Amino acid sequence: MLQNSMKILGIMSGTSLDGLDLALCDFSIRNGRVDFQLLAAETITYESSRKESLTNAFRISAEQYFKLHASYGEFIGKSVIEFLFRHKQTADYIASHGHTIFHQPQQGFTTQIGCGATIAAQSGIHTICDFRSLDVALQGQGAPLVPIGDRDLFGTYESCLNIGGIANISFTKNGRTSAFDICIANMALNYLAESAGHLFDNGGKMAASGKCDQVLLQQLLAIETQQQSLGREFFELQFLPLLQSSGISVIDKLATCAEYTAMQIAQVLKTHQLHSVLITGGGAYNLYLIERLKHHYNGTIDIPSDDIIQFKEAIIFAYLGYLRIIKQTNTLSSVTKASRDSIGGCLYLGSK
């Protein structure tokens, strides 16, 4: 028999490598619909050594990879214990996305490190993980997974745009949910800011002081991103070489990448006749990027509260975990192109 309410801790580590996002949500059914309350949330910023190890994980040996898989799971498990203690809370389940290292659905695999068994053992809490593999096994892209949460939890908005390391969008029209990655976003902006000695371009001030370079812009726009699931490997192979080979200044590269991201997003919004958009993710704080998006797009842009901007993806992974536990579809084939809808996620039982 299912509980009337269920507290699930959603955990997300995104491609922008800002840190580990934790969002404790209480899910319940009200008037036939799922309702949620965000009880506590925070981001645990990665130390430089951990950030470096995650960035370079796709280059290491198989033995080193599995060592990192276990140690990162231990880090997550300990972070959970400390988080719940600080906020004087408990959780029925953990829903951990992990951190994507390899994502090659065309080759039949996707990997997110952060061992679920280790998390369950460390925390003592039942842990759901590995949300993407079943969809890939069903010939899907294993992404995006967030759209079902956008539809069910944020369905009052015409479209939902997340500007993280990758910019991605979801929307529902005529009863059919569509979602896809649009382009590289903060992955490039953060890389450039770090090369200038900053963690990120605060408010887009550095980009605003630069000048968009038309040669680099056209090279970036020529990169094929449609019908692809984008990630770190795509950035390293397709995007980064163009940034490194350009002789312009860092601030001009930042201005150019911001313009590129704004143009790509605006084109998608206009193509699909979306007249309003909810924007979350770190890019919502980049005032220059939002300014350039408004230049190219005349629709309504909604910027929500800080909690939703920062933790929407972690909230939705908590929801995916909730759907997994109640054995309801949490992965939509209409967006992943799999052979059927599915219920993704492996469950490791804790001691509680």
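Refer to the structure above for everything that follows.
Here's a quick rundown of the structure. (Residues numbered from 1 in each chain as written. Predicted model: local features only at pLDDT ≥ 70, side-chain atom pairs only at ≥ 80, totals over all residues. Heavy atoms only, no water.)

Take helix 12 (residues 306–325) next. Counted at 1.5 Å a residue, the expected span for helix 12 with its 20 residues is 28 Å, and the 28 Å between its end C-alpha atoms agrees. Considering bend angle alone, the principal kink of helix 12 is centred on Lys 312 and spans about 65°. Within helix 12, 17 of the 20 residues are buried, which leaves the element mostly enclosed by the surrounding structure. Phi turns positive, to about 60°, at Lys 327, one or two residues after helix 12. (Helix = DSSP H or I, 4+ residues; strand = E, 2+ residues; numbered from the N terminus. Expected span 1.5 Å × (residues − 1). Bend = angle between axes of the 7 residues up to and from the residue. Buried < 20%, exposed > 50% of the residue type's maximum accessible area, 1.4 Å probe, protein only.)

Considering the arrangement of structural elements, one finds Ala 185 in the loop between strand 10 (176–184) and helix 6 (186–195). Since its relative accessible area comes to 1%, Ala 185 is described here as buried. Considered as a pair, Ala 185 and Lys 312 are 127 residues apart in the sequence and their alpha carbons are 17 Å apart. Filtering out sequence-adjacent residues up to four positions away, Ala 185 remains in contact with Ile 163, Gly 164, Gly 165, Ile 166, Ala 167 and Thr 261. (Contact = heavy atoms within 4.5 Å.)

A separate point is empty space enclosed by the protein. Counted according to the given criterion, the structure contains 1 cavity of 30 Å³ or more. Taken together, Thr 15, Leu 17, Leu 54, Thr 55, Ala 57, Phe 58, His 99, Thr 100, Ile 101 and Arg 232 make up the full set of residues lining the largest cavity. With 3 residues, the top contributor of residues to the lining of the largest cavity is strand 5 (residues 99–104). Tallied by class, the residues present in the lining of the largest cavity amount to 5 nonpolar, 4 polar and 1 charged. (1 Å grid on protein atoms, 1.4 Å probe; cavity = no way out; pocket = protein on both sides within 12 Å on 5 of 7 lines; lining within 4 Å. Points joined across faces, edges and corners; volume = space filled by probe spheres on them. Nonpolar A, V, L, I, M, F, W, Y, C, P; charged D, E, K, R; others polar.)

Turning to the sheet that holds strand 11 (residues 276–280), a few remarks are in order. The mixed open sheet is built from 5 strands, whose spatial order is 10-9-8-11-12. Looking at strand neighbours, the two that pair on one side only are strand 10 and strand 12 (300–302), the edges of this open sheet. Direction aside, neighbouring strands of the sheet carry axes that sit 20° apart on average. Two strands pair when backbone bridges link them, and strand 8 (residues 159–163) and strand 9 (residues 166–173) are joined in this way by 5 bridges, in the antiparallel orientation. Within the sheet, the bridge partner assigned to Ile 163 lies in strand 9 and is Ala 167. Packing of helix 12 onto the sheet brings it into contact with strand 8 and strand 11, and relative to strand 11 it is tilted by some 80°. (Pairing = 2+ DSSP bridges. Axes fitted to C-alpha atoms, helices over the stretch in contact; angles between N-to-C directions.)

Attention now moves to the environment of Ala 314. Mapping Ala 314 onto the fold places it in helix 12. Setting aside residues no more than four positions away along its own chain, Ala 314 makes contact with Gly 10, Met 12, Asp 21 and Ala 23.

A word on the pattern of salt bridges. All chains considered together, the criterion is met by 9 salt bridges. The salt bridge involving Glu 236 is made with Arg 232; its shortest N-O contact spans 3.9 Å. Placement of both Glu 236 and Arg 232 in helix 9 (residues 232–245) is noted, with a separation of 4 residues, approximately one turn of the helix. Of the two residues examined, Glu 236 and Arg 232, each falls in the buried class. (Salt bridge = Lys/Arg side-chain N within 4 Å of Asp/Glu carboxyl O.)

Moving on: the nonpolar core. Counting 46 residues, the largest nonpolar core has Phe 239 and Ile 279 as its most contacted members. A per-element tally of this core places helix 10 (residues 250–271) first, with 9 residues. In this view, Phe 239 contacts Ile 184, Ala 188, Leu 220, Ile 223, Phe 234, Cys 257 and Tyr 260; residues no more than four positions away in its chain are not counted. By size, the runner-up hydrophobic cluster in this structure holds 34 residues, among which are Ile 8, Ile 128, Ala 179 and Ala 314. (Core = buried A, V, L, I, M, F, W, Y, C linked by side-chain atoms within 4.5 Å.)

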